[in-house]
Structure formats: structure tokens, C-alpha cells
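# Structural description and commentary
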Amino acid sequence: MNAHSHHPLLLLLRALRLRCPSCGGGPLFSNWLTMEPRCPRCGLRTERGESGYAVGAYMFNIMASELIWAGIFLGLIVTTWPNPPWDLLLYGGGALMLAMPFLCYPFAKTVFLAFDLLFRPPEETEGTG
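Residues numbered from 1 in each chain as written. Predicted model: local features only at pLDDT ≥ 70, side-chain atom pairs only at ≥ 80, totals over all residues. Heavy atoms only, no water.

If you tally the helices and strands in the chain, you get 3 helices and 2 strands. When its helices and strands are written in sequence order, the chain yields α-β-β-α-α. Within the chain, the fraction of its 129 residues that count as buried is 36%. Only carbon and sulfur atoms are counted for the fraction: they give 68% of the accessible area of the chain, which is about 7800 Å². (Helix = DSSP H or I, 4+ residues; strand = E, 2+ residues; numbered from the N terminus. Buried < 20%, exposed > 50% of the residue type's maximum accessible area, 1.4 Å probe, protein only. Areas by Shrake-Rupley, 256 points an atom, 1.4 Å probe, with all protein chains shown as cover.)

Structure representation (C-alpha cells):
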């Protein structure tokens, strides 16, 4: 196994810790919304240099936000049936849908980077760990 053929679960766990999926280094974020251009440990480019690359991370963010919202919504209905708190679900659900993309943003960016590394290992010019 070379330095860049990591197990998918290892890449995912590192990404969920907001660390570099390739080497586990970090921090990858200077603040909640600003990802560093490269990993401080291995030098891996975090945007991978393609136009439209960020769209994949945004898609992961929307999917994660909606799945978390749906899980909470359904969980509340199931646990409170036959008298679900409809007002809480309506107003709380709306507030949650506004907050979730912000809360999931850095995780979506690092998880998408891990997903990308599974299919496109880093090139020599991207930095290696």
C-alpha cells in the first residue's frame, strides 16, 4: 500500500475531524468558512485545481443538511406520535434548514476532499504526505 492508497474509512474519519484526509494533518480551516489552500503537513491542495470543484462540496453540504433535517424531523414524529409538536416541526424545521448548511460546511468540504482522493490520488505536484 503506497502513501496515497488509504482505506476509505480512514479518509472519512480524518475528514470528519476536519483534518487532511490524506495525512491527518491540520488544521485545514483558518475559520469556520475559510479552508486553507494547502494542508500544512503534506502540502495537499485542498481545491485540487479544477474549475467547478467547489460545486461537489456544496452538493455534499446540501445532501448532509437535508439528511440530518429529515432524520430529526422523522425522529421527532415517531417519538411523539400520536401528538407530534407540529409548531416546533414547522418553525424549528425551518430554522434548522437555515442553520444546517452553515454547520455542515467545513465537514462537507473535507469529506468531499476525502471522496475525491479515493478516485483521484494526489499528483506529485500537489504535495505528498
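Picking up after the structure, the text goes on.
Applying the stated criterion across every chain, the model contains 3 salt bridges. Ionic pairing is found between K109 and E47, a salt bridge with its closest N-O pair at 2.8 Å. With K109 in helix α3 (residues 86-119) and E47 in the loop between β2 (34-35) and α2 (53-80), this pair connects stretches of sequence that are 62 residues apart. On the basis of relative accessible area, K109 is assigned to the buried category, the value being 8%. Note on E47: relative accessible area 33%, which makes it partly exposed. Close ionic contact of R48 with D116 constitutes a salt bridge, the shortest N to O distance being 2.7 Å. Separated by 68 residues along the polypeptide, R48 in the loop between β2 and α2 and D116 in helix α3 bring together distant segments of the chain. On the basis of relative accessible area, R48 is assigned to the buried category, the value being 4%. Linked by salt bridges that have partners in common, R48, D116 and R120 make up one network. (Salt bridge = Lys/Arg side-chain N within 4 Å of Asp/Glu carboxyl O.)

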